[in-house]
Structures are given as structure tokens and as C-alpha cells.
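Structural overview
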Amino acid sequence: MITRRNLLKTAFYAAGTLGAYSVPAGWSFAAEKIHPDERSVLIVVDVQNCFIEGGTLAVPNGSAVIPVINRIAPIFTNIVLTQDWHTAGHSSFASAYDYKKPFESVRLAYGEQVLWPDHCVQGTQDAAIHQDLVLPSAQLILRKGYHKTIDSYSAFTEADRKTTTGLAAYLKAHGIQSVYVTGLATDFCVAWTAMDARRAGFETFVVEDACRAIDLNGSLAAAWEQMLQQGVKRIQSADLAS
Ligand code: VGL
Ligand code: ZN
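Residues numbered from 1 in each chain as written. Chains lettered and ligands numbered in written order. Predicted model: local features only at pLDDT ≥ 70, side-chain atom pairs only at ≥ 80, totals over all residues. Heavy atoms only, no water.

Considerations on the state of the cysteines
- Across all of its chains, the model carries one disulfide by this definition.
- Linked covalently through their sulfurs, Cys 50 and Cys 120 form a disulfide whose S-S length is 2.0 Å. An S-S torsion of about 40° defines the bridge between Cys 50 and Cys 120 as right-handed. Here the residue Cys 50 occupies a position in the loop between strand 1 (40-45) and helix 2 (65-72), and Cys 120 occupies one in the loop between strand 4 (111-114) and strand 5 (140-144), the gap between them amounting to 70 residues.
- Classification of Cys 50 by relative accessible area gives buried; the value is 0%.
- Judged by relative accessible area, Cys 120 falls into the buried class, the value being 0%. (Disulfide = S-S within 2.5 Å. Helix = DSSP H or I, 4+ residues; strand = E, 2+ residues; numbered from the N terminus. Buried < 20%, exposed > 50% of the residue type's maximum accessible area, 1.4 Å probe, protein only.)

Below, the structure is given as C-alpha cells:
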């Protein structure tokens, strides 16, 4: 069959015979489908009202991830959701500082912190998981960012790079070896989660079309560069099958 993949494959092998090809690090040549099994987990990052159109920190076209995640979810026996869950007056909010505006940054005890509009405040409708996500089999909703003075983009380790959320231990206790990351936003919570998953020893995939980015000052390109360099694999939802 002539598919885009087979054409690519032909081009790839043709280039190979010329002896002058290279495959960028992390670029996986997925001619075969990937089949997640019971040692795999789908992590759905922060698909909350705040990050969807109309929310307090809306990611451009954020709602587009929902049908993609709903479509691939039945492939997974293990699903974990994360929920950004900040205190009112959280130290990642620009409003917590005099003379600071959203998307500026500030130096905190643990390093540089980007400042955001007030978002995902505990117990608000803005912080609720979006109602169009259909994930009845999800086994865990992990909240993060609930310490007032420490942000947590990552689902594994808070921004001080010391405080653990316990997720790596949880996944290991359940025999998980491979992590598939989806959700919002590609360049912040998805990227930090994926890189920490690698660091914790999991085989790690980011499902690119199941994510959307904020893209502040080139942050999306930078995030992909770092993720690929650290061995995170970039795949598409169509690469996955039962
Ligand atoms: C996020 C900025 C602030 C995210 C969370 O989910 O990517 N980004 N809080
Ligand atoms: Zn946040």
C-alpha cells in the first residue's frame, strides 16, 4: 500500500544506499505500530478547564487534545490523570507580587519561575478536569502544585527538584515500565513530566498530536530539543494500536 509511511520508508532506504543519511536523535521510525501493554501507562496532563479555551490560562487550541486522548485511551489498561491544583495566592501567580505581570518571571529560592495569571485554584470550576474527557478506567488523579511556595510542572518532582509527588514509586509498584504522555501544555507540564519520567528510568513517549503548547519565547522548540536529547520519543497518536 502506498502510505505516507511507506513513501518515507522508501526515501529513507534510498538515502541509506547513498550512504549519507542521518536520523535525528529521538526520531523514531515507526513503520510498525506501537502496542502499549499492561506495563504501560497513559498520562493525561492537566486537561482542565483552566487550560482550555475560556479558561484562565487557555492554551491555543487546547480543546483539540480531547478527542485525540479519548480515541487512544481504550488502548491503555493503565491511565493516570494529573491536575494542576494551586493554592489561592500561589507563588507561581504574578498577582502574588508587586510590580509583576503574567508571563514575566521571578527568581525564587529554587530558581527562575515564570509567573502566570491566577489559574487552577483548588476547588474552583476552572481547576476541574474538562467534562468532555472520557476516561472511565483511569486509576489515579494526581494533584500537583499544591505547595504554596513551590510550583510543579512535572507530575514526578516539584520545581525545587527535590520534593517528590510519589508518582515514580506508584508506577513502579504497579510494574509500569513505559510512559505515554499527553495533554497540556507540551512545553511546560508535558515536557517536564516526560523528562522526569526518563530520569526515573521509564521508557518515555510524548504523543505529539495529543498535546498543545503555550509557546512563550520559543519554549516549544526548546522543549522538544531537550526532550529528544534526553531520550524521550516523539510519536503520533496514529502510531499507537491495541
Ligand atoms: C502549566 C503553566 C502553569 C501546564 C501549569 O499545565 O503546562 N503551565 N501551570
Ligand atoms: Zn500551574
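Having seen the structure, we can now continue with the description.
As for the coordination of the zinc ion (ligand 2)
- Surrounding the zinc ion (ligand 2) are the protein donor atoms Asp 84 (OD), His 86 (NE2) and His 119 (NE2), at 2.0 to 2.2 Å.
- All donor residues of the zinc ion (ligand 2) come from one chain, and their arrangement in sequence is D-x1-H-x32-H. Within this pair, whereas His 86 is found in the loop between strand 2 (79-84) and strand 3 (105-108), its partner His 119 is found in the loop between strand 4 and strand 5, the two being separated by 33 residues in sequence. The pair formed by His 86 and His 119 is uniform in burial state, with each residue classed as buried. (Donors = N, O, S within 2.8 Å, 3.2 Å for Na, K, Ca; no water.)

Quick word on the site of ligand 1
- As a matter of local geometry, ligand 1 sits amid Asp 46, Phe 51, Leu 57, Asp 84, Trp 116, His 119, Tyr 153, Leu 184, Ala 185, Phe 188, Cys 189 and Ile 214.
- The contact in question runs from an oxygen atom of ligand 1 to an N or O atom on the side chain of Asp 46, over 2.7 Å.
- Here an oxygen atom of ligand 1 and a backbone polar atom of Leu 184 are 3.2 Å apart.
- The protein chains hide 100% of the 260 Å² of surface that ligand 1 would expose on its own.
- In terms of residue class, the shell around ligand 1 is made up of nine nonpolar, one polar and two charged. (Near = heavy atom within 4 Å. Polar contact = N/O pair within 3.5 Å; in protein donor to acceptor, adjacent residues only side chain to side chain. Areas by Shrake-Rupley, 256 points an atom, 1.4 Å probe, with all protein chains shown as cover. Nonpolar A, V, L, I, M, F, W, Y, C, P; charged D, E, K, R; others polar.)

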